[in-house]
Amino acid sequence: MKTNLGQALVAPKSIALIGVSGDPKKLSARPLQFCQQHGFNGKIYIVNPRRDEVLGEKAYASVSAIPDKVDHAYILLGTDLVEAALDDCIAAGVKVVSVLADGFAETGSQGQARQARLVAKADAADIMLIGPNSMGVVNTNNGFVCTTNAAFKLDQLPQGRLAVLSHSGSLIGTLVSRGQARNIGFAALVSLGNEAQSCVGTLGLTLVEDDSIDGF
């Protein structure tokens, strides 16, 4: 990986999972479970101001309270809490922020205004914003399986040299399961969601120099 932004996107050295549920059955617990299951080789930090521990891991009150530089943060909170979480990521100097929540431009004028505020803040802070409505980012080569998509519960993910950049978060899981049946694997998969700031072209240019990727 030749660019710092590309590294933060798919090969971060440290990640913050904001709003992980203490219930292992909940969707917001999956990114932690999947990263652990697939042997992510970076550091994982949990952010939950209401708990000292989540699923056996120490929890921090904010990203700013983490005693380390965070490359990539995944905001798993409800819509109304996303903006404050992004502010926290900006204060902590996070490079890439992915947002799971819906309720933005796809919901009408109020959601459009809410989304515009996120984009303006991300742009001003020089942050790459993925989503909203993003089911996450996956790199099969290093165990960075930071997604809520249940398809990535596979015991072993098929690896390959193609990257998938998809508006649909469901599609990245479908491609993995269908690809496994045909002995086809992928290097990276990104759910773009609303493409509020970062689009297919932006991410393609970010990953084009990745030596582990031959095509999209």
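Residues numbered from 1 in each chain as written. Predicted model: local features only at pLDDT ≥ 70, side-chain atom pairs only at ≥ 80, totals over all residues. Heavy atoms only, no water.

Engineer: Residue-level account of helix α5 (residues 169–181), with values.
Structural biologist: Turning to α5, its buried residues number three or more, namely G169, I172, G173, V176 and G179. Angularly, the buried residues of α5 cover 135° about the axis, an arc narrow enough to put them on a single face. Facing away from the buried side of α5, by more than 90 degrees, are the exposed residues R178 and A181. In this fold, the buried residues of α5 make contact with β8 (136–139), β9 (144–147), β10 (163–166) and β11 (188–191). The distance from a side-chain oxygen at the start of α5 to the backbone nitrogen of S170 is 3.2 Å, and the residue carrying that oxygen is S168. Backbone geometry just downstream of α5 places N183 in the positive-phi region, at approximately 60°. (Buried < 20%, exposed > 50% of the residue type's maximum accessible area, 1.4 Å probe, protein only. Helix = DSSP H or I, 4+ residues; strand = E, 2+ residues; numbered from the N terminus. Arc of directions from axis to C-beta. Contact = heavy atoms within 4.5 Å. Polar contact = N/O pair within 3.5 Å; in protein donor to acceptor, adjacent residues only side chain to side chain.)

Engineer: Mind laying out the sheet that holds strand β4 (residues 57–60), listing which residues take part and the relevant values?
Structural biologist: Strands sit in the order β3-β4-β2-β1-β5-β6-β7 across an open sheet of 7 strands; the sheet is mixed. For this open sheet the edge positions go to β3 (53–54) and β7 (128–130), each flanked by a neighbour on one side alone. Here 2 bridges tie β3 to β4, and the two strands are oriented antiparallel to one another. Pairing of V54 across the sheet is with E57, part of β4. (Pairing = 2+ DSSP bridges.)

Engineer: Could you give an account of the layout of surface pockets, with specific residues and numbers?
Structural biologist: Approximately 260 Å³ is the volume attributed to the largest pocket. Taken together, 13 residues make up the lining of the largest pocket; nearest its centre are I18, N48, P49, L77 and L81. The dominant element in the lining of the largest pocket, judged by the number of residues it contributes, is helix α3 (residues 79–92), at 4 residues. Considering only residue class, the lining of the largest pocket consists of 8 nonpolar, 3 polar and 2 charged. When its volume is computed, the second largest pocket comes out at roughly 150 Å³. (1 Å grid on protein atoms, 1.4 Å probe; cavity = no way out; pocket = protein on both sides within 12 Å on 5 of 7 lines; lining within 4 Å. Points joined across faces, edges and corners; volume = space filled by probe spheres on them. Nonpolar A, V, L, I, M, F, W, Y, C, P; charged D, E, K, R; others polar.)

Engineer: Which residues make up the side chain of D71, and what values do they have?
Structural biologist: By secondary structure assignment, the location of D71 is in the loop between β4 and β5 (72–75). The buried charged residue D71 lacks any salt bridge partner; its closest oppositely charged side chain belongs to K95, at an N-O distance of 4.4 Å. (Lys, Arg positive; Asp, Glu negative; His and termini not counted. Salt bridge = Lys/Arg side-chain N within 4 Å of Asp/Glu carboxyl O.)

Engineer: A description of the sheet that holds β10 should follow, citing residues and the corresponding values.
Structural biologist: Strands sit in the order β9-β8-β11-β10 across an open sheet of 4 strands; the sheet is mixed. The strands lining the two open edges of the sheet, one partner per strand, are β9 and β10. The average angle at which neighbouring strand axes cross in this sheet is 10°, direction not considered. Here β10 pairs with β11 via 4 bridges, running parallel. Counterpart to A163 in the pairing with β11 is A188. Helix-sheet contacts for α5 involve β8, β9, β10 and β11, and the interaxial angle to β11 is about 155°. (Axes fitted to C-alpha atoms, helices over the stretch in contact; angles between N-to-C directions.)

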